[in-house]
Amino acid sequence: MHETSGTEASRRGRSRGFGLGLALLSALAFGGSGVAAKPLIAAGLEPLHVTWLRSAGAALIMLPVAWRHRALLFRRPALLMGFGLLAVAGVQACYFAALSRIPVGVALLIEYLAPALVLGWVRFVQRRPVSRAAAAGAVLAVGGLACVVEVWAGLSFDVLGLALALGAACCQVGYFVLSDHGGDEEGGAHPLGVIAYGLLFGALLLTVVARPWNMDWSVLAGSADMDGTTVPAVLLLAWLVLLATVLAYLTGVISVRRLSPQVAGVVACLEAVIATVLAWVLLGEHLSAPQIIGGAVVLIGAFIAQSSTPKPPRDVASRTGDDTRAETAMPAGSTGT
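Everything numeric in this text was worked out from a predicted model, so none of it was measured.

Caption draft 1: Expanded view of the pairing of strand β2 (residues 229-232). In this sheet, β2 lies alongside strand β1 (residues 223-226) in antiparallel orientation, the contact comprising 4 bridges. Residue pairing across strands places Ala 224 opposite Val 231, the latter belonging to β2. Hairpin connection between β1 and β2: a loop of 2 residues separates the two successive antiparallel strands, and Asp 227 in this loop has a positive phi of roughly 55°.

Encoded structure:
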């Protein structure tokens, strides 16, 4: 029996390590979106048009996957539409709208309050215990993020802008919660199907907002400047679609199911650090000492959070304890039937 328990623990450990690796890869992929999008915006595309190109291109690539999992449209339509509305369209639309009213650093910091909001959702809505390590990691990550974005450099009080940034944070909570939803159920929603239809619904919603028929399509036939280096605009778009969207969502959703929404949420804070570092390397946007220190604090917070294991609900723990005592009481050779 001890050998079986050890094997199960080893299996869970490998699954958790794989999930952490996927979460880090997702943060790296998402973090590269700004580096690819900024030169396209500087070349003449509107931010919302870049967002639409990103979502629509990824949706087209995932069409074969959507067809393969077409049964999900009838079994889990609310989940798919919710993922498209919140995780794809909502986060991006609210974030870009917030940028038009408040500084980038402030908007980014408020959006990445999402890990703390995820903890609140798990604790008070789902009524599941939250480990102290996850809570401490979230606090450290948000504090470090404030240094990374240098939130003190451009504070301005705009109620609507702050509300839009908070809306982006709430939509990001929806991303983590919906990514985990149904993953443990028998015959639950397949993550690839959720991503494919989420991108499709998100692209449709963003079409209404972005109105791509007004876009300057000639920009994509030209080139963009990346810190003095000329790069074909279509290559940056491919980066944005394939890596920063398709790969990012695939690894992100699967990592949430391997870890937990609250742990994956804190690890996702690394996205802002990665984005800042990539902007330093590829766009020449140099980091200050507080940003470097803040990045280290975010890393520490993410490490503490990923080492936590959410406690099972009390009733589950109670049943597990009863089952264990029953097995212990069985005589040798008994099958329990």
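Caption draft 2: Representation of unusual backbone geometry in the model. The backbone phi angle of Arg 211 is positive, close to 50°, even though this residue is not glycine. Note on placement: Arg 211 falls in the loop between α11 (191-210) and β1.

Caption draft 3: The layout of surface pockets, seen in detail. Considering only enclosed or pocket space, the largest pocket measures out at about 1,200 Å³ in volume. Ser 33, Gly 34, Tyr 95, Leu 108 and Ala 275 are, among the 48 residues lining the largest pocket, the residues nearest its centre. Looking at the lining of the largest pocket, its residues break down into 30 nonpolar, 13 polar and 5 charged.

Caption draft 4: Examining the state of the cysteines more closely. Inspection of the entire model under this criterion finds 0 disulfides. This cysteine, Cys 94, is not joined by any disulfide, and Cys 171 carries the nearest cysteine sulfur, 4.6 Å off.

Caption draft 5: Helix α8 (residues 114-125), seen in detail. Within α8, burial applies to Ala 114, Pro 115, Val 118, Leu 119 and Val 122. Projected onto a plane normal to the axis of α8, the buried residues spread over an arc of 150° and lie on a single side. In the segment just after α8, Arg 127 is the residue with positive phi, at about 55°.

Caption draft 6: Molecular detail of the environment of Leu 166. With respect to the helices and strands, the residue Leu 166 is situated in helix α10 (residues 159-180). The exposure class assigned to Leu 166 is partly exposed, which follows from its relative accessible area of 40%.

Caption draft 7: Summary view of the nonpolar core. Among the nonpolar cores identified, the biggest contains 87 residues, and Leu 45, Phe 83, Tyr 175, Leu 199 and Tyr 249 are the most heavily contacted of them. Element by element, the count of residues in this core is highest for helix α12 (residues 233-258), at 11 residues. Not counting chain neighbours up to four residues away, the residues in contact with Tyr 249 comprise Phe 30, Phe 83, Ala 87, Val 88, Gln 92, Tyr 175, Ile 195 and Leu 199.

Caption draft 8: Spatial organisation of the side chain of Ser 33. Structurally, Ser 33 can be placed in helix α2 (residues 33-42). Every residue in contact with Ser 33, bar those within four places of it in the chain, is listed here: Arg 54, Leu 240 and Ala 244.

Caption draft 9: Highlighting the packing of α2 against helix α14 (residues 270-283). For the pair α2 and α14, interaxial distance at closest approach is 8 Å and the crossing angle is 50°. One way to sum up the angle between α2 and α14 is to call them oblique. The residues of α14 that touch α2, namely those facing Val 35, Lys 38 and Pro 39, are Ala 275, Leu 278, Ala 279, Leu 282 and Leu 283. Split into classes, the residues belonging to the contact of α2 with α14 amount to 7 nonpolar, no polar and 1 charged.

Caption draft 10: Spotlight on the packing of aromatic side chains. Counting across every chain of the model gives 7 aromatic pairs. Both rings, one in Phe 30 and one in Tyr 175, keep their centres 6.4 Å apart while their planes meet at 90°; by these two values the pair is edge-to-face. Of this pair, Phe 30 sits in helix α1 (residues 2-31) while Tyr 175 sits in helix α10, and the two are 145 residues apart along the sequence. Like Phe 30, the residue Tyr 175 is buried in the burial classification. Following the ring pairs from residue to residue traces out a cluster consisting of Phe 30, Phe 83, Tyr 175, Phe 176 and Tyr 249. When the ring centre of Trp 67 is taken as origin, the NZ or CZ atom of Arg 70, which lies over that ring, is 4.2 Å away.

Rules behind the numbers
- Residues numbered from 1 in each chain as written.
- Predicted model: local features only at pLDDT ≥ 70, side-chain atom pairs only at ≥ 80, totals over all residues.
- Heavy atoms only, no water.
- Pairing = 2+ DSSP bridges.
- Helix = DSSP H or I, 4+ residues; strand = E, 2+ residues; numbered from the N terminus.
- 1 Å grid on protein atoms, 1.4 Å probe; cavity = no way out; pocket = protein on both sides within 12 Å on 5 of 7 lines; lining within 4 Å.
- Points joined across faces, edges and corners; volume = space filled by probe spheres on them.
- Nonpolar A, V, L, I, M, F, W, Y, C, P; charged D, E, K, R; others polar.
- Disulfide = S-S within 2.5 Å.
- Buried < 20%, exposed > 50% of the residue type's maximum accessible area, 1.4 Å probe, protein only.
- Arc of directions from axis to C-beta.
- Core = buried A, V, L, I, M, F, W, Y, C linked by side-chain atoms within 4.5 Å.
- Contact = heavy atoms within 4.5 Å.
- Axes fitted to C-alpha atoms, helices over the stretch in contact; angles between N-to-C directions.
- Parallel < 35°, antiparallel > 145°, perpendicular 65-115°, else oblique.
- Phe/Tyr/Trp six-rings, centres within 6.5 Å; stacked < 30°, edge-to-face > 60°.
- Lys NZ or Arg CZ within 6 Å of the ring centre and 35° of its normal.

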